There are 2 protein chains.
Amino acid sequence: MTDRTNHLPTKPAPGKAARPPKRAYHHGDLRAALMRAALALIAEHGVKGLALSDAARLAGVSVAAPYRHFKDKEDLLAEIAAEGFALFRDALAVASQKSQGDKVKGLAEMGAAYVEFAVQHRSHFKVMWEGGISKAEYPKVEQPAYQAFLLLRQAVIGLLPKAKPERQQALVSAAWSLVHGYATLMLEHELDVVAGAQSDMKQLRQSIHLLLDQFAAK
Amino acid sequence: MTDRTNHLPTKPAPGKAARPPKRAYHHGDLRAALMRAALALIAEHGVKGLALSDAARLAGVSVAAPYRHFKDKEDLLAEIAAEGFALFRDALAVASQKSQGDKVKGLAEMGAAYVEFAVQHRSHFKVMWEGGISKAEYPKVEQPAYQAFLLLRQAVIGLLPKAKPERQQALVSAAWSLVHGYATLMLEHELDVVAGAQSDMKQLRQSIHLLLDQFAAK
DNA sequence: GCCCTATGTGAAAGAGACTAACATTAATGT
DNA sequence: ACATTAATGTTAGTCTCTTTCACATAGGGC
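Residues numbered from 1 in each chain as written. Chains lettered and ligands numbered in written order. Predicted model: local features only at pLDDT ≥ 70, side-chain atom pairs only at ≥ 80, totals over all residues. Heavy atoms only, no water.

Novice: I'd like a description of the overall build of chain A, backed by residues and values.
Specialist: Counting secondary structure elements, chain A contains eight helices and zero strands. The linear arrangement of helices and strands in chain A, starting from the amino end, is α-α-α-α-α-α-α-α. The long-range fraction of contacts in chain A, counting pairs at least 24 apart against all pairs at least 6 apart in sequence, stands at 68%. Of the roughly 11100 Å² of accessible surface on chain A, a fraction of 54% belongs to carbon and sulfur atoms. (Helix = DSSP H or I, 4+ residues; strand = E, 2+ residues; numbered from the N terminus. Contact = heavy atoms within 4.5 Å. Areas by Shrake-Rupley, 256 points an atom, 1.4 Å probe, with all protein chains shown as cover.)

Below, the structure is given as structure tokens:
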């Protein structure tokens with residue numbers, strides 16, 4: 001039953017003739033393989049439905065093997081969350097560069113990037129927000145998460161540089177809440193009950209502009 | 001007043017005497033007791049951390065007893081979600097009545113009620129949204145959830161009765177996303193990184209008005 | 001080649017979800 | 001009243017998953 005030669009999408013093949021991925025005892029890159037396996041399983045069964053033993057089986061190793069690379073299951077999830085937040089931060093950074101001139105547009109870009117990330121990295125996103133990972137306990141997670149927040153904050157405050165701090169803070173939490181709520185509701189298909197025929201991303205951009213354009217007006 | 005007959009911590013008291021609230025075989029209202037026990041445990045350890053067996057122990061029965069009242073653990077969670085959505089819907093309904101004259105204020109009230117519910121019914125709210133309950137599978141959950149949505153939708157559309165449907169829909173999803181995102185981020189203490197000294201609810205009302213006041217302007 | 005250590009394995013303990021067979025009580029009908 | 005039946009609890013056991021432990025294997029530096 002257990003196909004020990006199957007390392008997931010086995011991507012290596014950097015050389016020539018694909019050496020039969022016959023894995024002998026040592027895997028080679030089990031750590032990464034386990035993370036990919038976990039992500040694949042989460043995409044299928046949700047975070048709650050992830051069994052570490054399934055990830056191990058999918059990677060073609062014994063159920064005890066993961067413990068050579070992760071302290072426990074939560075540690076694996078934390079690693080995925082950390083990776084996710086790093087990707088997330090980078091995506092937001094790219095978006096923030098896009099429209100340097102038009103600050104309103106820049107913020108809208110960032111909001112779109114926020115939601116787009118959630119869609120394109122569903123599993124990462126779910127682990128990041130509903131993985132139950134305590135950021136205080138995992139600095140590896142908190143660090144990129146905080147950097148991502150700072151990018152968002154900067155983009156919002158850039159619109160109202162002279163406003164009172166309370167107003168800036170209200171705006172920051174409002175903008176964050178808007179895009180975060182949109183992303184989470186969409187991932188759970190809750191927004192299906194709202195939408196007409198338009199696509200999710202079109203609907204999103206409409207919502208974002210509807211609200212963020214107003215930010216500039218003030 | 002759901003206090004039936006305090007069945008939670010029951011001590012057999014091997015000695016004689018004492019007519020302690022000795023529960024004789026039949027509990028009396030185990031179904032409700034289990035739901036309360038589960039909610040208490042969820043408040044402490046989160047949805048993920050809930051063990052059905054712990055709820056049983058807390059209710060003073062054997063670990064098999066819950067299966068006389070719930071098909072499985074998910075069924076218990078679905079029941080809690082259904083109860084939560086019913087309370088939620090009622091809370092939104094009350095809020096929608098409050099400011100019949102001023103529609104903008106009415107919507108702000110509803111938004112505040114949304115978040116206030118999340119705070120005051122933390123455990124219910126968490127089960128409702130991160131419990132992993134499929135609404136298609138549990139009509140008992142979907143029904144009150146949909147009614148709650150309709151209340152929110154009605155409040156939003158009431159502001160723009162003549163607008164084009166796409167615009168109305170964008171507004172509905174935006175308003176929903178805003179309050180939902182705010183509620184979820186706040187429950188996870190993510191907003192702590194934003195806030196100054198102001199309280200959560202004050203911050204919320206500021207955010208809501210900041211955005212919802214604009215709704216009326218259009 | 002040899003040793004050290006990183007990495008993988010099987011076995012087993014412990015916990016939680018669930019089931020089956022049995023026990024006790026509450027309800028109901030006559 | 002009393003017997004039958006339906007509800008509701010219990011004990012014991014199975015299954016799966018998490019985690020640990022002692023042991024096996026391989027790769028790299030000397």
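There is more to say after this.
Novice: Give a description of the packing of aromatic side chains that names residues and reports values.
Specialist: Residues and elements named next belong to chain A. Enumeration according to the criterion identifies 16 aromatic pairs over all chains in this entry. Between phenylalanine 85 and tryptophan 129 the ring centres are 5.5 Å apart and the planes differ by 75°, which places this aromatic pair in the edge-to-face class. Placement of phenylalanine 85 in helix H3 (residues 73-98) and of tryptophan 129 in helix H5 (residues 122-130) is noted, with a sequence separation of 44 residues between them. Using a relative accessible area of 1% as the deciding quantity, one classes phenylalanine 85 as buried. Accessibility expressed as a relative area gives 17% for tryptophan 129, which makes it buried. On the basis of an interplanar angle of 55° and a centroid distance of 6.2 Å, the ring pair of phenylalanine 125 and tryptophan 129 is categorised as tilted. Linking phenylalanine 125 with tryptophan 129, this pair stays in helix H5, spanning four residues, or about one helical turn. Per residue, the accessibility class of phenylalanine 125 equals that of tryptophan 129, and both read buried. Taken together through their ring pairs, the aromatic side chains of Phe85, Phe88, Tyr114, Phe117, Phe125 and Trp129 make up a single cluster. (Phe/Tyr/Trp six-rings, centres within 6.5 Å; stacked < 30°, edge-to-face > 60°. Buried < 20%, exposed > 50% of the residue type's maximum accessible area, 1.4 Å probe, protein only.)

Novice: Summarise helix H7 (residues 165-187) of chain A; cite the residues concerned and give the values.
Specialist: All names here are of chain A. The end-to-end C-alpha distance of H7, which contains 23 residues, comes to 33 Å, matching closely the 33 Å that a straight helix rising 1.5 Å per residue would cover. In terms of residue burial, H7 counts as a mostly covered element, since 20 of its 23 residues are buried. The first or second residue beyond H7 is histidine 189, which carries a positive phi of 60°. (Expected span 1.5 Å × (residues − 1).)

Novice: A description of the packing of helix H4 (residues 103-120) of chain A against H5 of chain A should follow, citing residues and the corresponding values.
Specialist: Residues and elements named next belong to chain A. At a minimum axis separation of 5 Å, H4 and H5 run at an interaxial angle of 105°. Accordingly, the angle class assigned to the pair H4 and H5 is roughly perpendicular. Where H4 abuts H5, its residues Tyr114, Phe117, Ala118, Val119 and Gln120 lie against Arg122, Phe125, Met128 and Trp129. Here the contact of H4 with H5 is built from residues that sort into seven nonpolar, one polar and one charged. (Axes fitted to C-alpha atoms, helices over the stretch in contact; angles between N-to-C directions. Parallel < 35°, antiparallel > 145°, perpendicular 65-115°, else oblique. Nonpolar A, V, L, I, M, F, W, Y, C, P; charged D, E, K, R; others polar.)

Novice: Go over the interface of chain A and chain B, please, and point to the residues and values.
Specialist: Many analyses report the size of an interface as the accessible area lost when the parts associate. Taken together, the contact pairs 37 residues of chain A with 37 residues of chain B. Each partner contributes to the roughly 3400 Å² buried at the junction of chain A and chain B, and carbon and sulfur atoms together form 66% of this total. Along the contact surface separating chain A from chain B lie two salt bridges. Glutamate 190 of chain B is the salt-bridge partner of lysine 135 of chain A, the closest N and O atoms lying 2.9 Å from each other. Summed over the shared surface of chain A and chain B, the result is six residue pairs in polar contact (both at pLDDT 80 or more). Looking at the side of chain A that touches chain B, the elements with two or more residues in it are helix H6 (139-157), H7 and helix H8 (200-217) of chain A. Here the side of chain A that touches chain B takes 16 residues from H7 of chain A, the largest share from any one element. Of the residues in the side of chain A that touches chain B, the class split is 18 nonpolar, 13 polar and six charged. (Buried area = accessible area lost by both parts, 1.4 Å probe. Salt bridge = Lys/Arg side-chain N within 4 Å of Asp/Glu carboxyl O. Polar contact = N/O pair within 3.5 Å; in protein donor to acceptor, adjacent residues only side chain to side chain.)

Novice: Can you explain the side chain of serine 177 of chain A? Please cite residues and give values.
Specialist: Looking at where serine 177 of chain A falls in the secondary structure, it is placed in helix H7. Under the relative-accessibility criterion, serine 177 of chain A is labelled buried at 0%. A distance of 2.6 Å separates the side chain of serine 177 of chain A from the backbone oxygen of serine 173 of chain A, its partner in a polar contact. Discounting chain neighbours no more than four positions away, the residues touching serine 177 of chain A are Tyr182 of chain A together with Ser177, Leu178, Gly181, Tyr182 and Leu185 of chain B.

Novice: Please provide a residue-by-residue account of the relation of the copies chain A and chain B, values included.
Specialist: These two copies of the chain differ by a rotation about an axis and a displacement along the same axis. Its rotation angle being 180°, the transformation that places chain A on chain B also includes 0.0 Å of axial translation and leaves an RMSD of 0.0 Å. Considering both components of the superposition, the chain copies are consistent with a two-fold axis. When the interface residues of chain A are mapped onto chain B, 100% of them again lie at the interface, so the same face is used by both copies. (Least-squares fit on C-alpha atoms with pLDDT ≥ 70 in both.)

These values are about where atoms sit, not about what they do.
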